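Inside the fold
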Amino acid sequence: MTKNPVMTIGDYIDLEKLPVVPKERFVVSGYSTGLASFDEAIDGIRNELIAVASRPGAGKTALLLYVAEALAARGIPGVFFTLELKGSAFANRALAHSGDYRATKALPIVVEDGLSCIADIAGRLRELKKEGLAQWAMIDYLGLMRATDETKPAKDQYREIVAELAALRKELEMPILFAVQLPRGSGETLPCIHDSTIDDNLVEFCDSIVVLSDCASTGLTRKWRDIELAATKRDS
């Protein structure tokens, strides 16, 4: 079997490579993202499985990208599994988000755009961890992931995927963040952590669930007005 090539975000940007920004100090209990409301909600990025849930258009992909860039800028390499965008489109989005071509190209972010099965994602993440290329992982998004056994009922496949992500996080001892799309709401009611659309499997297997209730966009900067943390902290 031919080994998949490692494609970093810089491979999609045609500029000179720059050295990685050195690591910075710890803030809170884990790594700081620089986004105060998010850091306060989860106490920094640690070895946890974190679900970032929102309705369409509330900024969950942008938030994962923000966190990925923040970690990579501190010299902490990781992988972004983008199930919706191709690598080039993802890189363009990252460039638009940061506004700094050279700095974005230098980020130690591996971009994986061809995997959707949980078994393939897990296998690739193990490879990257072994090679020292990934100390964290982002997955965008849960609804596009496939279970190993697709003959099972949909609800059982969903549970299998979330359970395997939890086991993978524990095995590799690294933060894994993944986006979850909530159903579109009606009226002006915003989603919250007690919303019935928050799946029980997320509560059971995730260390933290962050619900993005709303997002405002100003130019290239997104400001999340309401970030809420689920009271779901497991002892394991």
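Here we summarise the structure given alongside this text. Predicted model only: the values in this text are computed from it and were never measured.

Cis rather than trans, the peptide bond between Asp140 and Tyr141 has omega equal to 5 degrees. Of note, Tyr141 is situated in the loop between strand E4 (137-140) and helix H6 (154-172). One non-glycine residue, Asp43, adopts positive backbone phi at about 65 degrees. Note that Asp43 resides in the loop between helix H1 (36-42) and strand E1 (49-54).

This part takes up the pattern of salt bridges. Counted under the stated rule, the structure contains nine salt bridges. Between Arg46 and Asp43 there is a salt bridge, with the nearest N and O atoms lying 4.0 Å from each other. By relative accessible area, which is 27% here, Arg46 ends up partly exposed. Residue Asp43 is classed as partly exposed on the basis of its relative accessible area, which comes to 27%. A salt bridge links Glu160 to Lys152; the shortest N-O distance between them is 3.1 Å. A cluster of three or more residues bridged by salt bridges with shared partners is formed by Asp43, Arg46 and Glu48.

The next subject is the environment of Glu84. Within the secondary structure layout, Glu84 lies in the loop between strand E2 (78-82) and helix H3 (87-98). Looking at Glu84, the relative accessible area reads 51%, which means it is exposed. With 56 residues separating them in the primary sequence, Glu84 and Asp140 have C-alpha atoms 7.1 Å apart. Apart from the residues lying within four places of it in its own chain, the contact partners of Glu84 are Asp140, Tyr141 and Leu144.

Turning our attention to the packing of helix H2 (residues 60-73) against H3. Relative to each other, H2 and H3 sit at 75 degrees, their axes nearing to 11 Å. Looking at the two axes, H2 sits roughly perpendicular to H3. Contact residues: H2 offers Thr61, Ala62, Leu65, Tyr66 and Glu69, while H3 offers Phe90, Arg93, Ala94, His97 and Ser98. Residue composition of the contact of H2 with H3, grouped by class: five nonpolar, three polar and two charged.

What follows is about the environment of Ala94. Checked against the element boundaries, Ala94 lands in helix H3. With a relative accessible area of 0%, Ala94 lands in the buried category. Sequence separation between Ala94 and Lys105 is eleven residues, and the spatial gap between their C-alpha atoms is 9.5 Å. Among residues more than four places away in sequence, those in contact with Ala94 are Ile9, Leu65, Glu69 and Thr104.

The first and last C-alpha atoms of H6 sit 27 Å apart over 19 residues, in line with the 27 Å expected at 1.5 Å per residue. Against E1, helix H5 (118-130), E4, strand E5 (176-181) and helix H7 (200-205) lie the buried residues of H6. Of the residues trailing H6, Glu173 is marked for its positive phi of about 55 degrees.

Assignment of secondary structure puts Ile209 in strand E6 (residues 208-218). Sequence-wise, Ile209 and Phe178 are 31 residues apart; in three dimensions their C-alpha atoms are separated by 9.9 Å.

Quick notes on the rules
- Per-chain numbering applies: the sequence of each chain, read as written, is numbered from 1 onward.
- Where local features are concerned, this predicted model is filtered to residues with pLDDT of at least 70; where side-chain atom pairs are given and counted, the filter is 80 or more; whole-chain, interface and lining totals use all residues.
- With hydrogens and water set aside, each side-chain value is computed from the structure's full complement of heavy atoms.
- Numbering of helices and strands starts at the N terminus; helices are DSSP runs of H or I of at least 4 residues and strands are runs of E of at least 2.
- By definition here, a salt bridge exists when the distance from a side-chain nitrogen of Lys or Arg to a carboxyl oxygen of Asp or Glu is within 4 Å.
- For every residue, the accessible area obtained with a 1.4 Å probe (protein chains only) is divided by the maximum for its type, and the residue is called buried under 20%, exposed over 50%, and partly exposed between those limits.
- Two residues form a contact once any of their heavy atoms are found within 4.5 Å.
- Between the N-to-C directions of two axes lies an angle of 0 to 180 degrees, each axis being a line fitted to C-alpha atoms and, for a helix, fitted only over the stretch in contact.
- Our angle categories are set so that under 35 degrees counts as roughly parallel, over 145 as roughly antiparallel, 65 to 115 as roughly perpendicular, and the remainder as oblique.
- All residues other than Ala, Val, Leu, Ile, Met, Phe, Trp, Tyr, Cys, Pro, Asp, Glu, Lys and Arg, Gly among them, are scored as polar; the first ten of these are nonpolar and the last four charged.
- In this analysis, the expected span of each helix is defined as 1.5 Å times one less than the number of residues it contains.

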